[in-house]
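# Reading the structure
Read off the chains here:
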Amino acid sequence: MTTNASPTRKVLRYSVKPRLVHALLASSFLTLLLTGLTLLWSPLSPLAAGGLMRHLHYVGAVLFMAVPIVYLMVDRPAAKELLWDSFHYDRDDWTWLKHVYAYFLGHCEGMPPQGRLNAGQKLHHAGVVIFSASIVISGLVMWFGKGMLNANGLAVAAIIHNLSMLILTVLLIGHLYFTFVYDALAGMVQGYIPEAEARLEHAKWVESLPQKEPWLVEEN
Ligand code: HEM
């Protein structure tokens, strides 16, 4: 790949399988969030009457728990790369984090070069892994532990469950903010992003890509 970005070249950010897995993750999470709110928040509790929301919450939970299994089944290298990247930070990442306020305001020019994920995305994704594990474990305890745990045990599980969901919701708000500030949706919906954009935000990653299709396509 040449070092100068062409306005007509596009880079493959996400292939079809990771995009479908992300759609499953996003839709199951939003199902859990919305149905969970009706179960927890009294102004919305009339919506939970009849038990439909509780059943939908369980369906959302099963789909949410299936996400890592499906990802490993359909695209093991991408799933492993996501996990590895989320928990490994180099010197450029730490310098990048020191200048995160500029990135927050929509300026990534002059920031240290980043790999496939920038340091902020790494932190976000690591948070998603940790707090997803936490909602899954505490949720399973509440779902199946009713006969085994006393009221205090179930109350602790509920607190962990609700706090983890709150943290994931805050992370989601940040995730959506950066998605729209950096116009990143195309990479997750269509797969390709302009080469110039990819170089600006993920220079080390673009340099490491093969200089051929499907990684790089020329548009007329
Ligand atoms: C609901 C609306 C959502 C939108 C619009 C959205 C948007 C995006 C976009 C544009 C990317 C690609 C960013 C890039 O690297 O260029 C992405 C990646 C990602 N998002 Fe979301 N997202 C949403 C929901 C969620 C939720 C609910 C979670 C977690 C609970 C999540 C977790 C992730 C993760 C882990 C990745 C990295 C995927 C991978 O490398 O395979 N997203 N999202």
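Notes on the structure follow. Quick caveat, the model's predicted, so the values are computed rather than measured.

Moving on: the coordination of the iron atom of the ligand. At the metal site, the iron atom of the ligand is ligated by His-22 (NE2) and His-175 (NE2), and these contacts range over 2.0 Å. On the basis of relative accessibility, which here comes to 28%, the residue His-22 falls in the partly exposed class.

The strand order across the open sheet built from three strands is E2-E1-E3, with neighbouring strands paired in antiparallel fashion. Of all strands in the sheet, those with a lone pairing partner are strand E2 (192–194) and strand E3 (216–218), marking the two edges. Mean inter-strand twist for the sheet, computed between neighbouring axes without regard to direction, equals 35 degrees. Two strands pair when backbone bridges link them, and strand E1 (residues 9–12) and E2 are joined in this way by three bridges, in the antiparallel orientation.

Moving on to the site of the ligand. Around the ligand, the structure places 21 residues, and the nearest of them are Arg-13, Tyr-14, His-22, Tyr-71 and His-175. The separation between an oxygen atom of the ligand and a polar side-chain atom of Arg-13 is 2.9 Å. With respect to the ligand, the side chain of Tyr-14 contributes an N or O atom lying 2.7 Å from an oxygen atom. Mapped onto the shell around the ligand, the elements with two or more residues apiece are helix H1 (16–40), helix H7 (119–144), helix H8 (151–181) and helix H9 (185–189). In terms of residue count, the dominant contributor to the shell around the ligand is H1 (five residues). When its residues are assigned to classes, the shell around the ligand shows 13 nonpolar, six polar and two charged.

Here we take up the pattern of salt bridges. Counting across every chain of the model gives eight salt bridges. The partner of Arg-199 in a salt bridge is Glu-195, and the shortest N-O contact between them spans 3.1 Å. Taken together, the residues Arg-199 and Glu-195, both in helix H10 (residues 195–201) and four residues apart, mark about one turn of the helix. Taking the relative accessible area as the measure of exposure, Glu-195 reaches 0% and is therefore buried.

The first and last C-alpha atoms of H8 sit 45 Å apart over 31 residues, in line with the 45 Å expected at 1.5 Å per residue. Every buried residue of H8 is listed here: Ala-157, His-161, Ser-164, Met-165, Leu-168, Thr-169 and Thr-179. Looking at the buried positions of H8, the neighbouring elements they touch are H1, helix H3 (52–74), H7 and H9. Where H8 begins, one side-chain oxygen reaches toward the backbone nitrogen of Asn-152, 3.1 Å away; that side chain belongs to Asn-150. Following H8 by one or two positions, Asp-183 adopts a phi angle in the positive range, close to 50 degrees.

The rules we used
Residues numbered from 1 in each chain as written. Predicted model: local features only at pLDDT ≥ 70, side-chain atom pairs only at ≥ 80, totals over all residues. Heavy atoms only, no water. Donors = N, O, S within 2.8 Å, 3.2 Å for Na, K, Ca; no water. Buried < 20%, exposed > 50% of the residue type's maximum accessible area, 1.4 Å probe, protein only. Pairing = 2+ DSSP bridges. Helix = DSSP H or I, 4+ residues; strand = E, 2+ residues; numbered from the N terminus. Axes fitted to C-alpha atoms, helices over the stretch in contact; angles between N-to-C directions. Near = heavy atom within 4 Å. Polar contact = N/O pair within 3.5 Å; in protein donor to acceptor, adjacent residues only side chain to side chain. Nonpolar A, V, L, I, M, F, W, Y, C, P; charged D, E, K, R; others polar. Salt bridge = Lys/Arg side-chain N within 4 Å of Asp/Glu carboxyl O. Expected span 1.5 Å × (residues − 1). Contact = heavy atoms within 4.5 Å.

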